[in-house]
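Commentary on secondary and tertiary structure
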Amino acid sequence: MTKICYVLPSGYPSGGNKMCIEHVKRLAKKGHEACISVISKHKDDDYTWLEADNIKQVRFCKKELEKMDYVTATYWETYYYIKNLKLENPEKWYFVQSKEEEFEGDWYRKQLVLQSLMDKEFKIITEAKWLQLYLKETCHRDSILIPNHIELPQNLLLEKTKRHKPIILIEGEATTAWKNVIDGARVARLLRPEYEVQLLTSTKLQSINPWIFHSFDKVHIGLPWKEALETIANADVLYRPSTLEGFNGAISEAMILETPTVCNDIPASHEQGINEYNTLIVQPHNIFQATSTIKRLVQDKELKQKIITNAKTTAEQYFTNWEESINKLETEVYI
């Protein structure tokens, strides 16, 4: 039985942490002794949101991690914590889910990120082709691509509720700069009151800027994944204002759920979508373009149906086969 541990920075309800949990859960179902180790507590930890309540968790220390066959860093800071343990037994991997130096504001911390990516003691897994290319060109590192997928839960309520006006759903963590919910709020103010504009976020209420909160008709906070999917399915359009993603999870979920999408012109969007074919792509920070594009998608029924149909086909072909990715983890990574 192979012993595999993913090291998480915290139990914060982020898409990155959720993908790590997906790996661990599915590896455990395959018969591996898969677990997580969490470095520190965060005031907003939410293991229920991550669907990690039943995941085995071990203490982050040399004694526990030396028992593993494989230890996987999941963020640049976790790389340094693992490195400092000076582990001798486990093979070390690094699951890179984004262009992580963009998360840091100062030059020194950006260099720490790049240095973590260049350590050949840690082999690299990533989730997107654009990240593979970035790692090769910037860090001269090869990586193994393990695409993310979506497996819809049973008994989803997909019928749209009655409405007096179209529902525009904007999604994103509300305190992180690159999630860009501030622009989402500006777009919401331009769309209201003609449209009902809602925010779907994992951010706790007390952490949301009041100006952002009051820009929306309704705010959905920390919904379980099933309820979040139902909220996406109920919308007439999903707009994701993010300026940096590894794999744009909410966009792929909307594609499967037949909710047409508007997203920014960033590498992750092109990994999943083609403008005017299965999504509409706008320039980051151009709130007027985003607003007019959302309106166009609501009003042009023929375009809307074309986007929905092509997006569903794309999603079913490329984003709905976790088994394929977990098999690849078994045969190419955790051998």
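Refer to the structure printed above.
Summary of the structure given here. (Residues numbered from 1 in each chain as written. Predicted model: local features only at pLDDT ≥ 70, side-chain atom pairs only at ≥ 80, totals over all residues. Heavy atoms only, no water.)

Our next topic: the overall build of the protein chain. If you tally the helices and strands in the protein chain, you get 13 helices and 12 strands. The C-alpha atoms of the protein chain give 20 Å as radius of gyration, which agrees with the globular expectation for 335 residues (20 Å, within 12%). With respect to the principal axes defined by its C-alpha atoms, the protein chain has extents near 60 × 40 × 35 Å. Every one of the 335 residues in the protein chain was classed for burial, and the buried ones make up 56%. (Helix = DSSP H or I, 4+ residues; strand = E, 2+ residues; numbered from the N terminus. Rg over C-alpha atoms; globule rule 2.2 N^0.38 Å. Buried < 20%, exposed > 50% of the residue type's maximum accessible area, 1.4 Å probe, protein only.)

Time to look at the layout of surface pockets. In this structure, the second largest pocket occupies an estimated 370 Å³ of space. In terms of lining, the second largest pocket is formed by 16 residues, of which the most central are Lys129, Pro147, Glu271, Tyr318 and Phe319. Within the residue set of the lining of the second largest pocket, elements represented by two or more residues are α10 (267–272) and α12 (301–318). Top contributing element to the lining of the second largest pocket by residue count: α12, with 3 residues. Taken together, the residues that form the lining of the second largest pocket break down as 6 nonpolar, 6 polar and 4 charged. (1 Å grid on protein atoms, 1.4 Å probe; cavity = no way out; pocket = protein on both sides within 12 Å on 5 of 7 lines; lining within 4 Å. Points joined across faces, edges and corners; volume = space filled by probe spheres on them. Nonpolar A, V, L, I, M, F, W, Y, C, P; charged D, E, K, R; others polar.)

Let's shift gears to the nonpolar core. Val7, Leu65, Ile82 and Leu117 are the most contacted members of the largest nonpolar core, which totals 35 residues. Filtering out sequence-adjacent residues up to four positions away, leucine 117 remains in contact with Tyr94, Val96, Ile124, Tyr134, Leu135, Cys139 and Arg141. Membership of the second largest hydrophobic core comes to 27 residues, among which are Ile170, Phe216, Val262 and Val298. (Core = buried A, V, L, I, M, F, W, Y, C linked by side-chain atoms within 4.5 Å. Contact = heavy atoms within 4.5 Å.)

Taking strand neighbours across the sheet as the criterion, the 6 strands line up as β9-β8-β7-β10-β11-β12 in an open arrangement whose pairing is parallel. Only two strands of the sheet have a single partner each, and these edge strands are β9 (218–221) and β12 (280–282). Adjacent strand axes in the sheet meet at a mean angle of 20 degrees, parallel and antiparallel pairs treated alike. Relative to strand β8 (residues 196–201), strand β7 (residues 167–171) runs parallel, the two being bridged by 5 bridges. Along β8, the bridge assignment pairs leucine 169 with glutamine 198. (Pairing = 2+ DSSP bridges. Axes fitted to C-alpha atoms, helices over the stretch in contact; angles between N-to-C directions.)

Further remarks concern the packing of aromatic side chains. The full count for this structure, using the stated rule, is 11 aromatic pairs. Ring plane angle 45 degrees and centroid distance 6.2 Å describe the contact between tyrosine 75 and tryptophan 76, whose orientation is recorded as tilted. For tryptophan 76, a relative accessible area of 3% puts it in the buried group. Judged by centre distance (6.0 Å) and plane angle (85 degrees), the rings of tryptophan 76 and tyrosine 80 are edge-to-face. Highlighted residues: tryptophan 76 and tyrosine 80, both in helix α3 (residues 76–85), separated by 4 residues, approximately one helical turn. (Phe/Tyr/Trp six-rings, centres within 6.5 Å; stacked < 30°, edge-to-face > 60°.)

Turning our eyes to something else, we now look at the environment of valine 38. Its location among the elements puts valine 38 in strand β2 (residues 33–38). Taking the C-alpha atoms as reference points, valine 38 and threonine 78, 40 residues apart in sequence, are found 9.2 Å from one another. The contacts of valine 38, once residues within four sequence positions are left out, are Leu8, Pro9, Ser10, Gly11, Tyr47, Gln57, Val58 and Phe60.

Take α3 next. Regarding α3, the residues found buried are Trp76, Thr78, Tyr79, Tyr80, Ile82 and Leu85. At its buried positions, α3 is contacted by β1 (3–8), α2 (62–65), β3 (70–73), β4 (91–96), α4 (107–117) and β5 (122–126). Just past α3, the residue lysine 86 takes up positive phi, approximately 55 degrees.

Burial along strand β10 (residues 237–240) is two-sided: the residues Val237 and Tyr239 and Leu238 and Arg240 are all buried. Judged from the 3 bridges that link them, β7 and β10 form a sheet pairing that is parallel. If you follow leucine 169 over to β10, its bridge partner there is leucine 238. Note on the crossover from β10 through helix α9 (residues 249–257) to strand β11 (residues 261–264): the handedness is right-handed. (Right-handed = clockwise from strand over helix to strand, strands pointing away.)

Next up on the list: α12. With 18 residues, α12 extends 26 Å between its outermost C-alpha atoms, agreeing within 8% with the 26 Å of an ideal straight helix rising 1.5 Å per residue. Within α12, burial applies to Leu303, Lys304, Ile307, Ile308, Asn310, Ala311, Thr314 and Ala315. Buried positions along α12 lie against α9, β11, α10, β12 and α11 (287–299). (Expected span 1.5 Å × (residues − 1).)

Spatially, the 6 strands line up as an open sheet ordered β2-β1-β3-β4-β5-β6, and their pairing is parallel. Each end of this open sheet is capped by a strand with a single partner; those strands are β2 and β6 (144–145). As paired strands, β1 and β2 are joined by 6 bridges and run parallel to one another. Looking at the pairing, lysine 3 lines up with glutamate 33 of β2.

Okay, the side chain of threonine 78 next. Within the element layout of this structure, threonine 78 appears in helix α3. You can call threonine 78 buried: its relative accessible area is 0%. Not counting the four nearest positions on each side in its chain, threonine 78 is found in contact with Val7, Leu8, Pro9, Ile39 and Ala73.

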